[in-house]
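Observations on chain architecture
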Amino acid sequence: MPENIQIECSQQFGLSPELFPQIMNQGYSFVDSNGVTVRVEIATYFQSGSISYSDEEQMFEFHKSDPVKAHETCAINRCWAMFDGEIYKCSTVKAFQELADQHPTLVPDWAKEIIYAYKPGTVNDDLDQLDAHLKNPIPQCSLCNEDRPYKNISATTNRIKFYKKRPNA
Ligand code: SF4
């Protein structure tokens, strides 16, 4: 971190020098004395998401991927997420369920079946099973993309067509 910013952080905001961020490839990470790490990534690219909206079908579209391949190319396949005291393989699988709960008519039935079959981990789970659940592909990975091309963010003076807002459910 540049010296002038270090001085500002410690003198104006009282940030301990021990917490000054370590520089990573694409950002910073803060590590406290317990090893708790907060990563701040500076994104200069877009990556295609798991879900898109079809104007033609008037519904959300999901992939029908090989779950193992989708899991392999997934940037968050080890980013587990806690919600309401339960642990999820990833935030996406929770987002799928929220989307289906909030907009049931916009999620195809075949996808809902896969989405609602997912059960998060709990404190009562056997540890080996929980470990396998969190580290391996899950059937819901089939709803994500196998191929996730990166597109760099760049400035343009072109007129860009934005898709129209999806209708309310
Ligand atoms: S469901 Fe699987 S492929 Fe999709 S975001 Fe989660 S871990 Fe990645």
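Rules behind the numbers
- Residues numbered from 1 in each chain as written.
- Predicted model: local features only at pLDDT ≥ 70, side-chain atom pairs only at ≥ 80, totals over all residues.
- Near = placed C-beta within 6 Å.
- Helix = DSSP H or I, 4+ residues; strand = E, 2+ residues; numbered from the N terminus.
- Nonpolar A, V, L, I, M, F, W, Y, C, P; charged D, E, K, R; others polar.
- Buried ≥ 20, exposed ≤ 12 C-beta atoms within 10 Å, placed from the backbone.
- Domains from an automatic or database assignment.
- Pairing = 2+ DSSP bridges.
- Contact = placed C-beta atoms within 7 Å.

With that settled, the discussion passes to the site of the ligand. Close to the ligand lie 13 residues, the nearest being Cys74, Cys90, Thr92, Cys141 and Cys144. Those elements that provide at least two residues to the shell around the ligand are α2 (67–72) and α3 (91–102). Partitioned by chemical class, the residues of the shell around the ligand number 7 nonpolar, 5 polar and 1 charged.

Within helix α1 (residues 3–13), only 0 of the 11 residues are buried, which leaves it mostly out in the open. Downstream of α1 by a residue or two, Gly14 has a phi angle that is positive, lying close to 65°.

Below, the discussion takes up the domain arrangement of the protein. Bring the parts together and some accessible area is lost; that lost area is often taken as the interface size. Segmentation of the protein into domains returns domain 1 (3–41) and domain 2 (48–150). A separation of 33 Å is found between the C-alpha centroids of domain 1 and domain 2.

The subject of this paragraph is the pairing of strand β2 (residues 27–31). Pairing of β2 with strand β3 (residues 37–41), which is carried by 5 bridges, proceeds in the antiparallel orientation. What sits directly across from Val31, in β3, is Thr37. Between β2 and β3, which pair antiparallel and follow one another directly, the connecting turn spans 5 residues, one of which, Gly35, has a positive phi of 85°.

Further remarks concern the environment of Tyr150. Here Tyr150 is to be found in strand β9 (residues 150–152). Distance in space between the C-alpha atoms of Tyr150 and Thr44 is 9.7 Å, their sequence separation being 106 residues. Those residues in contact with Tyr150 that lie beyond four places of it in its chain are Tyr45 and Gln47.

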